[in-house]
Amino acid sequence: PPSIAPQHVLVDQLEAFKQNNAPAASVRAVAYEAVFKEHVQAQSKLQGKPEKRKVQALAQTERAAQSRAAAAAQLADAQWDICRRDLNTTMANAARAVGATQMSMHALSLEGFTRLLEQLPGAHE
């Protein structure tokens with residue numbers, strides 16, 4: 001008989017997706033939030049009324065923080081792309097498993113229906 005994918009196979013695929021992608025996405029998001037906050041703080045110090053002798057150092061700190069924020073944003077964006085790709089693959093695999101299950105069910109139904117028809121009187125004439 002054709003194989004039928006049990007429900008736990010689909011659940012396992014989604015669970016694997018969650019376990020592989022959620023922690024990585026969370027780490028990237030937390031890193032971005034931290035460096036973005038650092039950039040905002042550096043920017044507000046620079047826009048305040050700093051002493052003239054500190055302006056250059058504050059500007060340099062702000063630029064460095066902005067660079068780190070931009071790099072973290074790129075990493076978060078790349079992680080989002082990976083997550084989206086993995087989700088598409090997971091959903092395609094799940095759809096394939098569901099489709100295979102439906103085809104298997106139809107095949108089993110047709111086999112059963114054929115056996116019933118063969119048992120009717122006059123089926124072998």
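Residues numbered from 1 in each chain as written. Predicted model: local features only at pLDDT ≥ 70, side-chain atom pairs only at ≥ 80, totals over all residues. Heavy atoms only, no water.

Participant: Give me the lowdown on the overall build of the chain, citing residues and values where you can.
Facilitator: A tally of helices and strands in the chain yields two helices and zero strands. A compact globule built from 125 residues would reach a C-alpha radius of gyration of about 14 Å, whereas the chain, at 30 Å, exceeds it by more than 25%. Counting only C-alpha atoms and orienting by the principal axes, one finds that the chain spans roughly 105 × 20 × 15 Å. Here the chain, with 125 residues, has 14% of them falling under the buried criterion. Residue pairs in contact within the chain that sit at least 24 positions apart in sequence constitute 78% of those at least 6 positions apart. Of the charged side chains in the chain, 14 are positive and 12 negative, and the gap between their average positions amounts to 21 Å. (Helix = DSSP H or I, 4+ residues; strand = E, 2+ residues; numbered from the N terminus. Rg over C-alpha atoms; globule rule 2.2 N^0.38 Å. Buried < 20%, exposed > 50% of the residue type's maximum accessible area, 1.4 Å probe, protein only. Contact = heavy atoms within 4.5 Å. Lys, Arg positive; Asp, Glu negative; His and termini not counted. Charge placed at Lys NZ, Arg CZ, Asp CG, Glu CD.)

Participant: Describe the pattern of salt bridges, naming the residues involved and giving the relevant values.
Facilitator: If the charged atoms of two oppositely charged side chains come close together, the side chains can form a pair. The tally for this structure, following the rule as stated, stands at four salt bridges. A salt bridge links Glu15 to Lys18, with the shortest nitrogen-to-oxygen separation between them at 3.5 Å. Pair noted here: Glu15 and Lys18 are both in helix α1 (residues 7-47), with a separation of three residues, about one helical turn. Take Glu15: its relative accessible area is 32%, and that puts it in the partly exposed class. Here Asp81 ties to Arg84 by a salt bridge, and the two come within 2.4 Å at their closest N and O atoms. Taken together, the positions of Asp81 and Arg84, both in helix α2 (residues 52-119) and three residues apart, correspond to about one turn of that helix. Accessibility expressed as a relative area gives 31% for Asp81, which makes it partly exposed. (Salt bridge = Lys/Arg side-chain N within 4 Å of Asp/Glu carboxyl O.)

Participant: Describe α1, with residues and values.
Facilitator: For α1, which comprises 41 residues, the first-to-last C-alpha distance of 58 Å matches the rise-based estimate of 60 Å (1.5 Å per residue) to within 8%. Maximal helix bending in α1 amounts to about 25 degrees, located at Asn21; proline Pro23 follows within four positions. All of the buried residues along α1 are Phe17, Asn21, Val35, His39 and Ala42. The elements touched by buried residues of α1 are α2. (Expected span 1.5 Å × (residues − 1). Bend = angle between axes of the 7 residues up to and from the residue.)

Participant: How would you sum up the packing of α1 against α2? Please name residues and give values.
Facilitator: Relative to each other, α1 and α2 sit at 165 degrees, their axes nearing to 8 Å. Our classification of the angle between α1 and α2 gives roughly antiparallel. Helix-helix and strand crossings are classified by hand; for α1 and α2 the assignment is left-handed. Partitioned by chemical class, the residues of the contact of α1 with α2 number 27 nonpolar, nine polar and six charged. (Axes fitted to C-alpha atoms, helices over the stretch in contact; angles between N-to-C directions. Parallel < 35°, antiparallel > 145°, perpendicular 65-115°, else oblique. Left-handed = near helix turned anticlockwise from the far one by under 90°. Nonpolar A, V, L, I, M, F, W, Y, C, P; charged D, E, K, R; others polar.)

Participant: Mind laying out the environment of Leu87, listing which residues take part and the relevant values?
Facilitator: When you line up the elements, Leu87 lands in helix α2. For Leu87, a relative accessible area of 35% translates into the label partly exposed. In the structure, Leu87 is positioned 69 residues away from Lys18 in sequence and 9.1 Å away in space, judged by C-alpha atoms.

Participant: Describe the side chain of Glu62, with residues and values.
Facilitator: The topology assignment puts Glu62 in helix α2. Within the buried set, Glu62 has no salt-bridge partner at all; the shortest N-O distance to an opposite charge, 5.9 Å, is to Arg63. Residues in contact with Glu62, not counting those within four places in the same chain, are His39, Ala42, Gln43 and Leu46.

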